[in-house]
Each structure stands twice: as C-alpha cells, then as structure tokens.
Amino acid sequence: MNIERDKAIKAKYAVAEYVKTKFDWLDDKTAIMTINDFGNYDKKYDFDKFYASSVAEYKAKNGKNLIIDVRKNEGGNSS
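Quick summary incoming for the structure in this document. (Residues numbered from 1 in each chain as written. Predicted model: local features only at pLDDT ≥ 70, side-chain atom pairs only at ≥ 80, totals over all residues. Heavy atoms only, no water.)

## Looking at the overall build of the chain
When you go through the chain residue by residue, the secondary structure sums to two helices and three strands. Written out in order from the N terminus, the α and β elements of the chain read α-β-β-α-β. Sequence-distant contacts in the chain: of pairs separated by 6 or more residues, those separated by 24 or more amount to 62%. Of the roughly 6000 Å² of accessible surface on the chain, a fraction of 54% belongs to carbon and sulfur atoms. (Helix = DSSP H or I, 4+ residues; strand = E, 2+ residues; numbered from the N terminus. Contact = heavy atoms within 4.5 Å. Areas by Shrake-Rupley, 256 points an atom, 1.4 Å probe, with all protein chains shown as cover.)

## So, helix α2 (residues 47-60)
An ideal rise of 1.5 Å per residue puts 20 Å on 14 residues; α2 measures up with 20 Å between its terminal C-alpha atoms. Elements in contact with the buried residues of α2: β1 (21-25), β2 (30-35) and β3 (65-69). Capping the start of α2 is the job of one residue whose side-chain oxygen sits 3.3 Å from the backbone nitrogen of Asp 48: Asp 46. Phi turns positive, to about 55°, at Asn 62, one or two residues after α2. (Expected span 1.5 Å × (residues − 1). Polar contact = N/O pair within 3.5 Å; in protein donor to acceptor, adjacent residues only side chain to side chain.)

This is the structure in structure tokens:
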C-alpha cells in the first residue's frame with residue numbers, strides 16, 4: 001500500500017466533474033458507452049446510476065451491439 005501515491009491521486013482527481021460518461025446510439029442496433037475514468041476515489045459521481053440507466057435503455061430498445069469506449073481513460077501504474 002502506497003499512502004503517498006494514494007494521497008496524490010486523490011488530490012489530483014478529487015473533482016467530481018472530471019468523470020465524463022456518455023451513452024448514445026450510433027444506429028438502431030448499436031449503442032456506445034463512453035467512460036473517460038474509472039478512478040472514482042472521493043468523487044460524487046454515481047456510476048451505478050449511469051450503468052443502470054444505460055443498460056435499461058439498451059434493453060428497452062433491443063440493442064444488439066454495445067461498444068464500450070475507454071480510449072480516454074488514462075490507466076495507471078500500481079507500483
């Protein structure tokens with residue numbers, strides 16, 4: 001456990017507005033879920049609500065293809 005690293009990450013990403021998600025349709029069968037960051041830390045972003053509403057819409061519209069776009073997600077280094 002790296003306490004200093006955790007403190008630095010929390011300080012850098014503590015702003016809730018940093019998390020950007022979007023759910024859109026490319027056509028009548030293909031949806032795209034865009035997520036720019038999984039590191040939620042102390043943010044107040046409600047991923048559960050985003051996922052639940054996206055999946056509910058996808059099912060309601062009988063989606064056939066789901067693209068999950070995480071290209072802008074920085075990733076990280078756990079060492």
